[in-house]
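Each chain, letter by letter, is given below.
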Amino acid sequence: MRTVLSRPLSTAGPHPPAGEARPPSRGAAQGDRAGRRETGALARRLAIGLAAIAAVGLLPTQGLYWLALGNQSAIAAISAMGLTVLVGTAGLLSLGQAAFLAIGGFTAALLVIHMGFGFLGAMAAGGVVAGLAGALVAAATARTVGIYLAVGTLALQYVVEIVLSDVEVQLTSGMGFQMPVAQVLGVELTSEEDWWYFLCLMTFLVWFVLRAIVRGQPGRTWVCMKENATVAGSLGIPVRRARMAAFALSSLVAGAVGVVHGFYMGTVQITNYSLHLSIVYLTIAVLGRLGSIGGAIWAAAVITVLPQALNGFMRALGFDLIAFGAGLEDVVLGLILAMILLEAPRRLWARIRPGRPA
Amino acid sequence: MNVSLLVSILASASVYAALATAVVLVYRANRVLVFHLAELGVLASYLMVTLSGEAGWSLPASFLAALAVALAVSVLVHVLVDHWGRPFGHFVGTVLTIAVGGILMGLIGMIWSGRTVRMILAEGRTDVFGEPISTNTLVVMGLCCLATVAVHLVVNRSRLGISMRAVANSASLARHRGIQVSRVLLVVWLLSGALGTIAGIGMASLSAVAMEGAVIGVSAIVAAILGGLTSLGGAIIGSILLAFGEQMVIVYVDPRYSQVVPILVLFTILVIRPSGLSGRTESVVRV
Amino acid sequence: MISTRRFAAAAVLIGAAIPAMTCARAAEPYRIGYLVDASGPMQGIFKTGLDGFKLYMDQVNAAGGIHGRPVAIDVRDVQIDPGKSASSAQELASNGAIAIAGLSLSSTHMPVYNAMARLKVPVITGFPVNLSVILPPKPKAGVYGVGAVVEILGSVAGKMARQTSPEGKRFACTVFESPGGIIACDHAVAAAKAAGFSSAEKILFPVTQRDFRPIAEKIAQSNPDVLLTIFGRGRTLTFFPAIAEAGYRGKILSAETGTGDDELREAAKAAPGIDIYSYSRYVSGGQGEGPQVEALEKAAHQAGIPEVLAFHSGGWIMGAVIADALTRCEQPCDPVRLDAALANTRIDGGGLTREPIVFTPTDHFGPSSYELYHYDRARDQVVSTGHVEKASSQLQ
């Protein structure tokens, strides 16, 4: 299984990494190089870790604007991490991530308002319910693959929107569920800064856990399943259960995020969870490289900040973008999605610096 | 049920059929499910209504201009999916069309600011079995049917159609037999673009030129899946059934659930019979 | 590959820094933040309101400002996105805005209210849609509205319907499936029954519905005497011809909550045979008499706006409310003091609406009046019938 693990977790690139093609007689030199690569990788990881800690500490000093953006990025990042495991590692294209957020959010809203659940309890409950829903979807679509699955999740997105919209009208006269202040182990999350620290912690925890799962047995099973489900089945891997597990995990994360989002915004309403949001999460997952959990984090920051950046650039250049904002954003998101799918950056880079492996 | 409702259903069915045929056409050729055709249709309808309205062009001229733009976009999509995207497979190709759809909607929003405009192709009423029916509806129905039938004839009767079926069956074998696969794929995309244009303009004429017109894309995909996704005839039957279901639910049950119909149909098919009505089994993996 | 992506990421983050850096705190003007849908499908409504607001503030600034200081409007395009609305409001507040005005669709309101409540910055929601949180007896702190609360809009409709059809028996309300729309229809149906209609039903359709033929078919079959439509721009234009097509010949009453007289006329022309009425809180097209009507007409004419719509009037009134509060605001004026000033507002409509705008500490909406209009086919004009309904802010 080592070969499988050391392959890059992306949707393309069937070529093995350069190191494996080297002849064995260069054993000593190879070992030396491998040792240096490992230290290099360790150093890089340390640098990233330090930079992350610095970012967490420094952001609050930049003011409300940046804090709000940071918080929204963190929320998007957690959701995208779950999605990237589903789409990247397990190879199951889902267009319904926002639907699971909605399920989590609405579950939490009902439990909090009618049964007095607290924030953490609601998050757990929302996650569990969404996870079950995800498992159900996987079971229902067990006989389909690839494209059909994507369309099925699209259908789920629509159904959830319609059903929960009804619920919202019936129970809240259309204003959405008003959520109380979130309390985490006695600490109330009232300001943007409070939320920032909590969300950073949650992002780290989710990152840690998802990485552990992906590197462990479940992850390897999913990679096998993604490569060729029939072969995996014949190797004795319980593919159906693996699919359900992948969906359940991803939707559990999404459900928890839905709860967090609801408390953060102060309102749970169905309009917060649209198909557009699902596509944005997919774009984030693709941008951060499908299957890369850490990648989803910085990609979420980029995509969240993007509209503001666009606006800022244009205003600095003197254009009043006010009439084009919505459309331009959609165009840029679509272009990003397309370019990343086609690995345009890598190809351009290869053109500019010929001689490097494409 | 009166004649007017029946005509309304058939008109919607013909629009769906045109779009569903395009979906099936592309899917058969390279296993890509197109999510951008309805958006392309909306773009075409906005172009047509702008040219024929503000710019004062004649309807046929503005239609041709809109068609030209749509075909140009289709060429771009062909290059994107079949050339640049080829190493990545049909999966990525499908998501690419989602991206293209998003880009098109963004452009439409930027240029036309989301406004709604009426576009009537023909004024007045015509007598059908004693009832006065809007001539516009009949014209739309006629155009979409004509386009759909034309494409069916091309696929089933012409040499190009044989090449298309060969490529659909196995691209590598087709290449060995001397068929220029890339050119055939280009034609497939052009045809789908043309069908998308006609469907989009038809729908816009029946209701209005508006960004919401893009929702028929999902209905078309559902109709295609209902028919088996690889069967052109199935696409037509699926479209008729879907249009029927939607409008009957609106008139006799509750308009709120009109959008639920395609979704429920889709769910049911995926759970019970993923290969659709035509029963042609795809690579449905049983695990 | 990673390097290019990281570079792009850095570029994006720098781009985002620019608004934060270039929006320096200017001590001089009063900064009012404005959230609007300026590039999405509803811009015809909300951007028009902004235009009216700007016209008023331009007039104030031209006369020397308030206490010698000009009023500066910081606009953010939030489309119809709740998340963007909340973060834009926070950005504006942290850049020195002492109030947030405007807002787009109702789904974006609560997140903004919650975010601004944490900062104690007052929010004034414009025309058309307001949420009922601003109604007595305990309105949400810091939130005010000069638009139309859907519950009240619906109840007024019942009486208006009776006015258009004194003998009518059947009433129907049709609206797209949004929480606000459903509530409006519920209240309208109840009010219609109270006004003597023997049957009153509501017909809802999905938000994205643009093909109204089958729905028109359905409504025409039940043939109500009065049909209430609560649409925005776009839907009116496509619905009216469809229902005329389906053979309906009754009366249509259009609630002015996003249509605009220009579209009403165009839709009416495409629907011959139907008698069309509308009712609105604010006047449009220079109707009504009074100093504000004249001032708005003049300002609009100078700005090159061809036709004054109800949204312009609503924006103008919102400008008047804020300017008045700024004038009375205890110096130095900050968000908390501005909120206190707003909570004791009394402004004359000046002809733009028949009731004054009144806010009290226990009522952030106040009484409102609605006028009934009729589409005169001969003159291709929307003309007032003279009938006015006054509504208190107490919900029955």
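Residues numbered from 1 in each chain as written. Chains lettered and ligands numbered in written order. Predicted model: local features only at pLDDT ≥ 70, side-chain atom pairs only at ≥ 80, totals over all residues. Heavy atoms only, no water.

**Thoughts on the interface of chain A and chain C**
This is how it is decided: Any pair of residues with heavy atoms lying within 4.5 Å of one another is described as a contacting pair. When two parts are brought into contact, each loses some accessible area as probed by a 1.4 Å sphere; the total of that loss over both is the buried area. Here, a salt bridge means any Lys or Arg side-chain nitrogen found within 4 Å of an Asp or Glu carboxyl oxygen. In protein, a polar contact means a hydrogen-donor-capable atom and an acceptor-capable atom, both N or O and within 3.5 Å, with residues adjacent in sequence counting only if both atoms are side-chain atoms; elsewhere, any N or O pair within 3.5 Å suffices. Secondary structure elements follow DSSP: runs of H or I of four or more residues count as helices, runs of E of two or more count as strands, with numbering from the N terminus. Gly falls in the polar group here, along with every residue not listed as nonpolar (Ala, Val, Leu, Ile, Met, Phe, Trp, Tyr, Cys, Pro) or charged (Asp, Glu, Lys, Arg).
The interface is formed by 46 residues belonging to chain A together with 41 residues belonging to chain C. Counting the surface lost from both chain A and chain C, the interface buries some 3900 Å², and carbon and sulfur atoms represent 65% of this. Linking chain A with chain C are two salt bridges. Our count for the contact surface shared by chain A and chain C stands at eight residue pairs in polar contact (both at pLDDT 80 or more). Contributions of two or more residues to the side of chain A that touches chain C are made by α3 (64-89), α6 (147-172), α10 (239-265), α11 (275-287), α12 (293-316), α13 (325-341) and α14 (344-352) of chain A. Here the element with the most residues in the side of chain A that touches chain C is α12 of chain A; it accounts for 11 residues. A breakdown of the residues in the side of chain A that touches chain C according to their chemical character gives 25 nonpolar, 14 polar and seven charged.

**Observations concerning the interface of chain C and chain B**
Between chain C and chain B, the residue contacts involve 24 residues of the former and 30 residues of the latter. For the chain C and chain B pair, buried surface summed over both sides reaches about 2400 Å², with 52% attributable to carbon and sulfur atoms. Three residues, R210, R213 and K218 of chain C, lead the burial of chain C against chain B; their summed loss comes to 25% of the area buried on that side. One salt bridge in this structure joins E245 of chain C and R125 of chain B, with 3.8 Å as the shortest N-O distance. The element that contributes the greatest number of residues to the side of chain C that touches chain B is helix α7 (residues 213-222) of chain C, accounting for six residues. When grouped by side-chain class, the residues that make up the side of chain C that touches chain B number 10 nonpolar, seven polar and seven charged.

**So, the side chain of R213 of chain C**
As for its position among the elements, R213 of chain C is in helix α7. Apart from the residues within four sequence positions on either side, R213 of chain C is in contact with S8, A11, S12, T137, L206 and Q247 of chain B together with A242 of chain C.

**A closer look at the packing of helix α5 (residues 150-164) of chain C against helix α6 (residues 179-194) of chain C**
All names here are of chain C. Our working rule: A fitted line through C-alpha atoms represents every axis, and for helices the fit uses only the stretch in contact; the resulting angles, taken between N-to-C directions, go from 0 to 180 degrees. Roughly parallel means an angle under 35 degrees; roughly antiparallel, over 145; roughly perpendicular, 65 to 115; everything else is oblique. Working rule for handedness: look at the near helix, and if it is turned counterclockwise from the far one by less than a right angle, call the crossing left-handed; if clockwise, right-handed.
Following both chains from N to C, one finds α5 and α6 inclined at 30°, their axes separated by 7 Å at the closest point. With respect to each other, α5 and α6 are oriented roughly parallel. Crossing geometry of α5 relative to α6 is assigned as right-handed. Touching V150, E151, G154, S155, A157 and G158 of α5 are G180, I183, A184, H187, A188, A191 and A192, all from α6. Of the residues assigned to the contact of α5 with α6, the class counts are seven nonpolar, five polar and one charged.

**Details of the confidence of the model for chain C**
Residues and elements named next belong to chain C. We count it as follows: Every residue gets a pLDDT, meaning the predictor's confidence in that residue, from 0 to 100.
For chain C, per-residue confidence averages 87 on the pLDDT scale, and 93% of positions sit at 70 or higher. Here residues 22-27 scores under 50 on pLDDT; set against residues more than four positions off or in separate chains, the count is six contacts. Quick note on the complex model: pTM equals 0.82, ipTM equals 0.83.

**Notes on the domain arrangement of chain C**
Residues and elements named next belong to chain C. Rules: As used throughout, domain bounds are those supplied by an automatic or database domain assignment.
When cut into domains, chain C gives domain 1 (7-148 + 285-365) and domain 2 (151-280 + 370-391). One C-alpha centre belongs to domain 1, the other to domain 2, and the line joining them spans 29 Å. With 16 residues of domain 1 at the contact, the number on the domain 2 side is 21 residues. Buried area between domain 1 and domain 2, summed over both chains or domains, comes out near 1400 Å², and the portion from carbon and sulfur atoms is 58%.

**Quick notes on the environment of A138 of chain A**
Residues and elements named next belong to chain A. To keep things clear, this is the line we draw: Relative accessibility decides the category of a residue: with a 1.4 Å probe and only protein chains considered, values under 20% of the type maximum give buried, values over 50% give exposed, and everything between is partly exposed.
Examined against the element boundaries, A138 turns out to sit in helix α5 (residues 119-140). In this structure A138 comes out as buried when scored by relative accessible area, which is 2%. Residues A138 and F247, spaced 109 residues apart in sequence, show a C-alpha to C-alpha distance of 6.3 Å. Every residue in contact with A138, bar those within four places of it in the chain, is listed here: R243, M244 and F247.

**Some points on the sheet that holds strand β11 (residues 251-255) of chain C**
Residues and elements named next belong to chain C. What counts, and what does not: One requirement defines pairing of two strands: DSSP has to find at least two bridges between them.
Reading across from one edge, β9-β8-β10-β11-β12-β15-β16 is the order of the seven strands in this open sheet, with mixed pairing throughout. The open sheet is flanked by β9 (199-205) and β16 (381-391), the only strands paired with a single partner. Pairwise comparison of adjacent strand axes, ignoring direction, gives a mean angle of 20° for this sheet. With four bridges joining them, strand β12 (residues 275-280) and strand β15 (residues 368-376) adopt antiparallel strand pairing. Bridge pairing in β15 places Y279 opposite L372. Its contacts with the sheet put α5 on β8 (170-176), β10 (226-230), β11, β12, β15 and β16, and the angle it makes with β15 is roughly 45°.

**Looking at the pattern of salt bridges**
Applying the stated criterion to the full structure yields 19 salt bridges over all chains. Where R115 of chain B meets E54 of chain B, a salt bridge forms, and the shortest distance between an N and an O atom there is 3.8 Å. Here the residue R115 of chain B occupies a position in the loop between α4 (89-112) and β1 (125-128), and E54 of chain B occupies one in the loop between α2 (37-53) and α3 (59-84), the gap between them amounting to 61 residues. Relative accessible area serves as the criterion here: at 40%, R115 of chain B is assigned to the partly exposed category. When its relative accessible area of 66% is taken as the criterion, E54 of chain B is described as exposed. We note a salt bridge from R337 of chain C to E330 of chain C, for which the minimum N-O separation is 3.5 Å. The class of E330 of chain C is exposed, set by a relative accessible area of 53%.

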